[in-house]
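As a plain string of letters, each chain reads:
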Amino acid sequence: MRILHVACLHFNYPNGLTNAVLGHFNSQIKYKEINDEVYLLNVSQERINRQNVIHLVDLNNSDLENIIKESDIVIFHGVFYTYYMKIYRLVKKHRIKYVIVPHSALTRQGLSKSRIKKYLFFIIFLNRFIKNSSAIHFLSQQEKMDSIFNDHNNFVIPNGVKIPTELKVYKNNKHDNPLIVGFVGRLDIFQKGLDLLLDLIKDFVSNSNYKNQFKFYIYGPDYRGNMEKMIKLINERNLNEYVKLKGPVYDNEKYDAYRNIDVFIHTSRFEGLPMSILEALSVGLPCIVTKGTNFEESIRQYNAGWCLSDMNFQDILEEICLNKEILVEKSNNARNMIKKYSWQSISSNLLNTYKNIVYKN
């Protein structure tokens, strides 16, 4: 079986989509059967020197058609890319089966961003692109429920994560210093709910006697000018003493940031399945999450953090202050929880799913 992933990836400043797609691609190469082949077609202008990665900018029309024709199944990551129209026409021409991984783009919340442009794209292209697909691959049950296409053929398999050996360690002397509540991810204020996060922090420092026991670190690259907007929001709420914008972190530096944090927080309005939460859990970080992250059910099940649907932010932080050992307990639970998200398990499941799609009558 020959698998072709199609995605618009950014290697210079990788984001959640890039990390997720590369995770699927690399792990499927590692865990595939001996006769399987896995390729990645990148439609962005950026290049990476990696085996089995093909760049659209390097191909003429004949090359692209041959690559599509030789594939048994094509996996489209994301939907709102005009580059996909040409590839889709070739896929249909050669009757290649294909799967769409929307990465939250088909949720009602996701479609509310740039609504007019997406509506036009939907009318011209997207409707038939989705309805002619073999299946939609959702990353969580909640993403499926929130999607406008959840009655189409579909399956749910989450993103995976590489599980590191070096974990977060909670030291006794750390308890005498301010605890760090942190976020790692792109500075997309609307989707990531960073305005909601700042409102939570503002309420906490305005009303809690424990405000001096916490600092709030936000790591991440700018997104469409949102860095400047974040600075303005922090100033408007008089939070400069408590909130620090730390800039983007990548690779080992990113995991150093996770280990510098004591509690991870993610206040997204909508998601597929955030890679940053998986990464935080993998180093043993307890997580505070909203319903929009699609992680509440698992966090509850494993007692690996707190859900903002169940408990307000101030009560969560005050509970930590009154019983700091709870961080150790929830850290251990986070590590138990993350085992089901190992790339080996996720890839084996996905490769079997692809085979069922390719070879079914």
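See the structure shown above.
The rules behind the values
Residues numbered from 1 in each chain as written. Predicted model: local features only at pLDDT ≥ 70, side-chain atom pairs only at ≥ 80, totals over all residues. Heavy atoms only, no water. Salt bridge = Lys/Arg side-chain N within 4 Å of Asp/Glu carboxyl O. Helix = DSSP H or I, 4+ residues; strand = E, 2+ residues; numbered from the N terminus. Buried < 20%, exposed > 50% of the residue type's maximum accessible area, 1.4 Å probe, protein only. Phe/Tyr/Trp six-rings, centres within 6.5 Å; stacked < 30°, edge-to-face > 60°. Lys NZ or Arg CZ within 6 Å of the ring centre and 35° of its normal. Pairing = 2+ DSSP bridges. Axes fitted to C-alpha atoms, helices over the stretch in contact; angles between N-to-C directions. Contact = heavy atoms within 4.5 Å. Right-handed = clockwise from strand over helix to strand, strands pointing away. Core = buried A, V, L, I, M, F, W, Y, C linked by side-chain atoms within 4.5 Å.

Engineer: Explain the pattern of salt bridges to me, please; I cannot follow it from the model alone.
Structural biologist: When the charged atoms of two side chains with opposite charge come close together, those side chains can pair. Per the stated rule, a full pass over the model turns up 16 salt bridges. Residue Lys93 is joined to Glu65 by a salt bridge in which the shortest nitrogen-to-oxygen separation is 2.7 Å. Here Lys93 is found in helix H3 (residues 83–93), whereas its partner Glu65 is found in helix H2 (residues 61–69), with 28 residues between them in sequence. A salt bridge links Glu296 to Arg300, with the shortest nitrogen-to-oxygen separation between them at 3.1 Å. Highlighted residues: Glu296 and Arg300, both in helix H12 (residues 296–302), separated by 4 residues, approximately one helical turn. Using a relative accessible area of 41% as the deciding quantity, one classes Arg300 as partly exposed.

Engineer: Hey, could you run me through the packing of aromatic side chains in this one?
Structural biologist: Two aromatic rings, taken as a pair, are described by how far apart their centres are and by the angle between their planes. Within this structure, the stated rule accounts for 18 aromatic pairs. Between the aromatic rings of Phe204 and Phe214, the centroid separation amounts to 5.6 Å while the plane-to-plane angle is 85°, which identifies the pairing as edge-to-face. With a gap of 10 residues between them, Phe204 in helix H8 (residues 194–207) and Phe214 in strand S9 (residues 214–219) connect regions that are remote in the sequence. The pair formed by Phe204 and Phe214 is uniform in burial state, with each residue classed as buried. Pairwise contacts between aromatic rings join Phe76, Tyr81, Tyr84, Tyr88, Tyr98 and Phe129 into one cluster. Sitting over the ring of Trp306, Lys330 keeps its end group 4.7 Å from the ring centre.

Engineer: What is the right way to look at the sheet that holds strand S11 (residues 263–266) in this model?
Structural biologist: Two strands in a sheet stick together by hydrogen bonds in their backbones, pointing the same way (parallel) or opposite ways (antiparallel). In space, the 6 strands of this open sheet follow the order S10-S9-S8-S11-S12-S13, with parallel pairing throughout. Every other strand in the sheet has two partners, leaving strand S10 (243–247) and strand S13 (305–307) as the edge strands with one partner each. Neighbour-to-neighbour, the strand axes of this sheet turn through a mean angle of 25°, independent of strand direction. Pairing of strand S8 (residues 179–184) with S11, which is carried by 2 bridges, proceeds in the parallel orientation. Note on S11: the bridge partner recorded for Val181 is Val263. Packed on one face of the sheet, helix H11 (residues 275–282) meets S8, S11 and strand S12 (287–289) and runs near 165° to S11.

Engineer: Even after reading the chapter, I still don't get the sheet that holds strand S6 (residues 135–138), so can you show me in this structure?
Structural biologist: One open sheet holds the 7 strands; their spatial order is S3-S2-S1-S4-S5-S6-S7, and the pairing between them is parallel. The sheet terminates laterally at strand S3 (53–55) and strand S7 (154–156), the two strands that pair on one side only. Looking at each pair of strands side by side, their axes are set apart by 25° on average, direction ignored. Sheet topology note: the strand S5 (residues 97–101)/S6 ladder contains 2 bridges and is parallel. Within S6, the position partnered with Ile100 by the bridge is Ile136. Along the sheet, helix H15 (residues 343–359) contacts strand S1 (2–7), strand S4 (73–77), S5, S6 and S7; its crossing angle with S4, the most-contacted strand, is approximately 125°.

Engineer: Which parts of the structure should I look at to understand the pairing of strand S2 (residues 37–42)?
Structural biologist: The two faces of the sheet receive side chains in turn, since in a regular strand these alternate between them. Most of S2 sits out of view: 5 of its 6 residues are buried. Pairing of S1 with S2 involves 6 bridges; the strand directions are parallel. The partner of His5 across the bridge, within S2, is Leu40. The parallel pair S1 and S2 is bridged by helix H1 (residues 16–31), and the resulting crossover is right-handed. In terms of strand pairing, S2 meets S3 through 3 bridges, oriented parallel. The residue of S3 that forms the bridge with Leu41 is Ile54.

Engineer: Would you take a moment to explain the environment of Asp256 for this structure?
Structural biologist: With respect to the secondary-structure elements, Asp256 resides in helix H10 (residues 251–260). Through-space distance from the C-alpha of Asp256 to that of Lys168 is 9.4 Å; in sequence the pair is 88 residues apart.

Engineer: Mind showing me how you'd approach the nonpolar core here?
Structural biologist: For soluble globular proteins, nonpolar side chains are generally found buried alongside one another. By size, the foremost hydrophobic cluster in this structure holds 121 residues, and its most contacted members are Phe129, Phe216, Leu281 and Phe295. At 7 residues, H15 tops the list of elements feeding residues into this core. When residues no more than four places from it in sequence are discounted, the contact partners of Leu281 are Cys287, Phe295, Ile299, Ala304, Ala334, Arg335, Met337 and Ile338.

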